[in-house]
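Each chain, letter by letter, is given below.
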Amino acid sequence: MSSLVPRSIFDDFFKDFAPAFYVRPLHGDALPDPSKIKIDVKEDDAAYTVHAEIPGVAKDDIQVSIDGNVVSLRAEVQQKDEKKEGEKVLRSERYYGAVERSFQLPADVDAAQAKAKYDNGVLTLTLPKKQSGATQRLKIE
């Protein structure tokens, strides 16, 4: 199998220098950059609907906050290995991290009426628009 992987003249140097330094984590890739959390925002007369792709994160590790017309998403991951009885651990790697993304909507959101649902790595937010009061005309003196 080693003949299938291209080698460079530096491979032997780094192998002796730090044999485990360039090994990828057992758990795969870390969380994506905030710009790589893909979102779709749709609007109708009453509300905004947001679909955000946050795969590999438990529902309890996602936080959504709303401040006027700014929506913030935060996801935190803690990957842990479980040790089984009778096993000898030779190497154990874990990943801890968080990613956050904020975006602004054209109008304020009624946070009290907002709803969130997480299914198969997609967070769906239903964000009703805040109804402004009737327009009041000022009397000019």
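The following refers to the structure shown. Numbering of residues starts from 1 in each chain and follows the order in which that chain's sequence is written. It should be noted that, the model being predicted, local features are given only for residues of pLDDT at least 70 and side-chain atom pairs only at 80 or more, the latter also being counted only at that level, while totals for whole chains, interfaces and linings use all residues. Hydrogens and water molecules were not included; the side-chain quantities draw on all heavy atoms of the structure.

Looking at the side chain of Ser-72
Working step 1: A run of DSSP states H or I qualifies as a helix once it reaches four residues; a run of E qualifies as a strand once it reaches two. Both are numbered from the N-terminal end. Along the polypeptide, Ser-72 turns up in strand β4 (residues 70-79).
Working step 2: Given the relative accessible area of 13%, Ser-72 is considered buried.
Working step 3: Under this definition, polar contacts are N or O atom pairs within 3.5 Å; protein pairs additionally need one hydrogen-donor-capable and one acceptor-capable atom, and for neighbouring residues in sequence, both atoms have to be side-chain atoms. Of note is the side chain of Ser-72, whose polar atom sits 2.7 Å from the side chain of Ser-102.
Working step 4: By definition, residues are in contact when any of their heavy atoms lie within 4.5 Å. Excluding anything up to four places from it in sequence, Ser-72 contacts Gln-63, Val-64, Ser-65, Glu-100, Arg-101 and Ser-102. Exposure classes here rest on a 1.4 Å probe applied to the protein chains alone. A residue is buried below 20% of its type maximum, exposed above 50%, and partly exposed in between.

Describing the packing of aromatic side chains
Working step 1: Each Phe, Tyr or Trp ring, with Trp reduced to its six-membered ring, pairs with another whose centre is within 6.5 Å; inter-plane angles below 30 degrees give stacked pairs, above 60 give edge-to-face pairs, and intermediate values give tilted ones. In this structure the tally under the stated criterion is zero aromatic pairs.
Working step 2: The positively charged end of Lys-129 is found above the aromatic ring belonging to Tyr-48, 5.1 Å away from the centroid. For a ring to carry a charge above it, either NZ of a lysine or CZ of an arginine must fall within 6 Å of the ring centroid while also lying within 35 degrees of the normal to the ring plane.

Section: the nonpolar core
Working step 1: The definition of a nonpolar core used throughout is a set of buried Ala, Val, Leu, Ile, Met, Phe, Trp, Tyr and Cys residues joined through side-chain atoms within 4.5 Å. If you look at the biggest cluster of nonpolar residues, it comprises 19 residues, and the most contacted ones within it are Ile-54, Leu-123 and Leu-127.
Working step 2: For this core, the secondary-structure elements that each account for two or more residues are β2 (47-53), β4, β5 (95-104) and β7 (122-128).
Working step 3: Here this core takes four residues from β4, the largest share from any one element.
Working step 4: When residues no more than four places from it in sequence are discounted, the contact partners of Leu-127 are Ala-47, Tyr-48, Val-50, Ile-66, Val-71, Leu-105, Val-109 and Ala-114.

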